[in-house]
Amino acid sequence: MILRCENLTKYFGTAQSRQVVLESVSLDFRAGETCALLGPSGSGKTTLISIFGCLLSPCGGTVTINGKMVKYRSKGRLATIRRRQIGFVFQQSQLLPFLNVYDNLFFTGRNAGISSCELRSRIESLLERLGIQHLRTKRPNAASGGERQRVAVARALLHRPPILLADEPTAALDWENGRNVVELLVGVARSEQSLLITVTHDPRVANFFDRRLTMDSGRVFAP
Amino acid sequence: MFAAAISMLLHNPLRLFVTLAGLSCLFILSACQVGMLVGWCNTVSALVRHAGVDIWVVSPKTVAFDYGVPLPDIRIHQVRSVVGVEWAEGIYMDWSMWQRPDGKRISVEVVGLDDSSVGGPWQMRDGSVDNVHLPDAVIVDQAYLGPLGVSQVGEEFELSGYRVIVRGISEDVRTFTASPFVFTSLQQARRIDARYRDDEVTYVLARYKSGFDPIVVKQSLADEIPNAEVLTTDEFAQRTILYWMIETGVGLTAVITAILGMAVAAVVVSQTLYTLTQEHARDYATMLAIGFARLKLIGVVLIQSLVLATLSWILGTVAFAYVAGLTKGSAIPLEMTLGVYALLTAIHIGCCILASMLSVRSILTLDPAVVFRG
C-alpha cells in the first residue's frame, strides 16, 4: 500500500464546543489507483486530503506513506514528505503569478532536488504531453483557466511523486475544460503509477476514477 | 531563489519605483546630515590640522581653538628649551570687528602669525602667506569677500579701529562660525587688540625633533611648562570639534536628523515588504504546501530587503556625490570620510534587514493548509 490511514480522527474547537470533522477513518490506497472523494460541503473531504498531504495533523490515528508512519510533530520532515512524495493540484491552480510558466516549473523542480539538466528535459516532456508548450514564456495570468490547471498538473508531476492530491481541480472550469483536465490527470497518474486522490463535488467527474468514496459528517462510505 | 525574489519585486514595478525613490531620498537625507556634520568637523578643526605642527601649548581649560586665553610668550622659550623640541613659535587668535568703507561692521576671527607664518592659510589665490608680515597687512579668504566688502588686493579697511590693507586672498579657508578668519602678523594682532599685551600669545606651537619619542617629549613639556596644557594636534582638533558639535548642540541636531532619516527609511522598507508579503501570502502558502522550507521563504524576504537596500544605496550615493560636488567651496560643504560612509551604509542595510522582520514573522506564522480553502 502506498497510503494507509487507521482510525483517523480530527476535531476543531475546545472540549466544550468540539466539532468533529473526521471520525475513525481507515483507508488503504495502492499505487496507480485513482480515487474520487465525494461529499457535501463540511463533510471532511478537504480535511482528509490536508492530513494526507501533511498540511494538517490529525488528533488521533496514524497515516503511513510508503510503509513509513508520518510524524506530524516534525514540521521539517512534513515539508520534506510534501516536497518528495506528494504532488498537489489546487482548485485555483495556485501558480506563482510573478514567474512565467517555465520558471514556475523550474523553481518548483529545483526545490524538489531535481538537477537542472534532468529538470529541463522533464519540463519539456511534460509541456509537450500536456499540450502547453506555447505557454512556456507566458505568465499564468496570460493563460486560460484550463491552461493554468494543465500547468498546475505539470508542476504536481515534475518530481514523479507516488501520491497526487487534487482539491476540486475542475471547480473553476467549465465542463469541457474540466473534463479535459480530469482525463489528463487520471491518464498521467495511471501512466506514472501514482496514487491520485481527487476531491470533487461533481458526480460526472467521479465517473473517470477507479474508486469512489463518499464522505458525510466525518465518516467515509464506499458505494 | 534570488531570481524568484527579484521577480516578485518586479511584479509591481510602480511600487518598486516609488519605494526605491523614497528609500533613496531618505538615504540622501541621512547622508547629507552626516556629510554636513563631517564638513563641520573638518571646518572647525581645519586651521589646527593644517598648521603642520605636533604640539599645541594652550591655557588651562581652553575649550576650542576659537576661544583661546592669553599665555605669556615666555612659554615659547620654555618650550624651545625642552629636550626633543626642534622648533616653537607663538600664534594669536581672538575675535575682533572689521569695518567696511560703507560703515558696516562684521565680527571676524583674527589670527596673528609669528615669523614662520605657521598656522596661516594653506591655500592662496592671490599673494603669499608671508605677506602678513608686511606693514598693516591682512589676508582674507575668497569665500568671505562679499561680507568683508573686499573686491581686490590692496584695498584698505579698519580692524578694531586700525587701518589694514588686504595683501593676499586665500582659498577654502572657512570658519564654522559666521565670522571669517582674518590673518595678520602676531605683532600687528597684539597691537590691534587692547586685551593682549606685547608679551602675550594665545598658543605656543611646537614640532618634535626627529628621533625623539613624541610621548616622552610631550610628557616633558607637560612637566616643565607651568599653568598650561600640552596637547597634540589631534587632541586639540578633537577638543575643538567636540566643543562645537556637543556643547553647542549643532552636532546632536545633525545626528538626530540623520537617525530620523534612517528610522523613516526602516519604516518605509518595513511597510513595503510587509505589504508585498501580505499580497503574496497565498503564493507563500502555496510554496510551503508544495514543500518549500520556511527558511527558503524567509530567504526570499531577506533577499528583497537587501536588494531594496542596495539599489537605494547606489541611487543615494550617486545623488549624494552630486550634491556634495555642488556644495564644494560653499560655506557649508558636504564632506565624507570612507569610515563614516561605511558606517552609514552598514546602518542603512541593517535598518532595511531589520525592517523585514515583520514580514519574516508573518511567514513564520503562515498556515500552508489555507491553499485547500478555496
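Now for a look at the structure at hand.

### Regarding the overall build of chain A
Across its full length, chain A holds 7 helices and 10 strands. Since a compact globule built from 223 residues should have a radius of gyration of about 17 Å, the 17 Å found for chain A is in line with a globular shape. Expressed as a percentage of its 223 residues, the buried residues of chain A come to 54%. Excluding contacts between residues fewer than 6 apart, the proportion of contacts in chain A whose partners are at least 24 apart in sequence is 71%. Total accessible area computed for chain A in this model is approximately 9600 Å², and 46% of it derives from carbon and sulfur atoms. Between the mean site of the 30 positive side-chain charges and the mean site of the 18 negative ones, chain A shows a separation of 8 Å.

### Focus on the overall build of chain B
Of the regular secondary structure elements, chain B holds 12 helices and 12 strands. Against the compact-globule benchmark of 21 Å for 374 residues, chain B has a radius of gyration of 29 Å, which places it well outside the compact range. Dimensions along the principal axes, computed over C-alpha positions, put chain B at roughly 95 × 50 × 30 Å. Every one of the 374 residues in chain B was classed for burial, and the buried ones make up 52%. At a minimum sequence separation of 6, the contacts of chain B that also span at least 24 residues come to 79%. Surface summary for chain B: the accessible area is close to 16200 Å², and the carbon and sulfur share equals 62%. Separation between the mean location of the 26 positive side-chain charges and that of the 34 negative ones in chain B comes to 10 Å.

### Here's the deal with the side chain of B:Thr345
All names here are of chain B. Relative to the helices and strands, Thr-345 is located in helix H11 (residues 338-355). Here Thr-345 falls in the buried class, since its relative accessible area comes to 13%. Among the polar contacts made by the side chain of Thr-345, one reaches the side chain of Trp-313 at a distance of 2.8 Å.

### Some thoughts on the nonpolar core
A:Leu3, A:Phe29 and A:Phe52 are the most contacted members of the largest nonpolar core, which totals 72 residues. Counting residues per element, this core draws most heavily on helix H10 (residues 294-327) of chain B, which supplies 8 residues. Setting aside chain neighbours within four positions, we find A:Phe29 in contact with A:Met1, A:Ile2, A:Leu3, A:Cys35, A:Phe52, A:Leu195, A:Ile197, A:Arg211 and A:Leu213.

### Digging into the pattern of salt bridges
Residues and elements named next belong to chain B. Taken as a whole and judged by the stated rule, the model has 25 salt bridges over all chains. Among the salt bridges present, the one from Arg-15 reaches Glu-279, with a minimum N-O distance of 2.8 Å. Here Arg-15, found in helix H2 (residues 13-50), pairs with Glu-279, found in helix H8 (residues 250-279); they are 264 residues apart in sequence, far enough to count as distant. Judged by relative accessible area, Arg-15 falls into the buried class, the value being 18%. Looking at Glu-279, the relative accessible area reads 48%, which means it is partly exposed. One network of salt bridges, in which partners are shared, links Asp-136, Glu-156, Arg-163 and Arg-191.

### Some words on the packing of H10(B) against H11(B)
Residue and element names in this part refer to chain B. Interhelical geometry of H10 versus H11 gives an angle of 145° and a closest axis separation of 9 Å. Pair H10 / H11 crosses with right-handed handedness. Across from Leu-302, Ser-305, Leu-306, Ala-309, Ser-312, Trp-313, Thr-317 and Phe-320 in H10, the residues of H11 making contact are Tyr-341, Thr-345, His-348, Ile-349, Cys-352 and Ile-353. The residue inventory of the contact of H10 with H11, partitioned by class, reads 9 nonpolar, 5 polar and no charged.

### What about a positive patch on the surface?
Residues and elements named next belong to chain A. Positive charge collects at one region of the surface, where Lys-68, Lys-71, Arg-77 and Arg-84 lie side by side. Position of Lys-71 relative to the elements: it lies in the loop between strand S5 (68-69) and helix H2 (75-85). Judged by its relative accessible area of 64%, Lys-71 is exposed.

### Digging into the packing of H8(B) against H11(B)
The relative placement of two packed helices is expressed as an angle between their axes plus a distance between the axes. Residue and element names in this part refer to chain B. At their nearest, the axes of H8 and H11 sit 8 Å apart, and the two run at 35° to each other. For the pair H8 and H11, the sense of crossing is right-handed. For the pair H8 and H11, contact is made by Met-262, Ala-266, Val-269 and Ser-270 and by Leu-344, Ile-347, His-348, Cys-351, Cys-352 and Ala-355, respectively.

The rules we used
Residues numbered from 1 in each chain as written. Chains lettered and ligands numbered in written order. Predicted model: local features only at pLDDT ≥ 70, side-chain atom pairs only at ≥ 80, totals over all residues. Heavy atoms only, no water. Helix = DSSP H or I, 4+ residues; strand = E, 2+ residues; numbered from the N terminus. Rg over C-alpha atoms; globule rule 2.2 N^0.38 Å. Buried < 20%, exposed > 50% of the residue type's maximum accessible area, 1.4 Å probe, protein only. Contact = heavy atoms within 4.5 Å. Areas by Shrake-Rupley, 256 points an atom, 1.4 Å probe, with all protein chains shown as cover. Lys, Arg positive; Asp, Glu negative; His and termini not counted. Charge placed at Lys NZ, Arg CZ, Asp CG, Glu CD. Polar contact = N/O pair within 3.5 Å; in protein donor to acceptor, adjacent residues only side chain to side chain. Core = buried A, V, L, I, M, F, W, Y, C linked by side-chain atoms within 4.5 Å. Salt bridge = Lys/Arg side-chain N within 4 Å of Asp/Glu carboxyl O. Axes fitted to C-alpha atoms, helices over the stretch in contact; angles between N-to-C directions. Left-handed = near helix turned anticlockwise from the far one by under 90°. Nonpolar A, V, L, I, M, F, W, Y, C, P; charged D, E, K, R; others polar. Patch = residues over 30% accessible without salt bridge, like charges linked within 9 Å, V, L, I, M, F, W, Y side chains within 5 Å.

Honestly, that's just the spatial picture; any functional story needs more than this.
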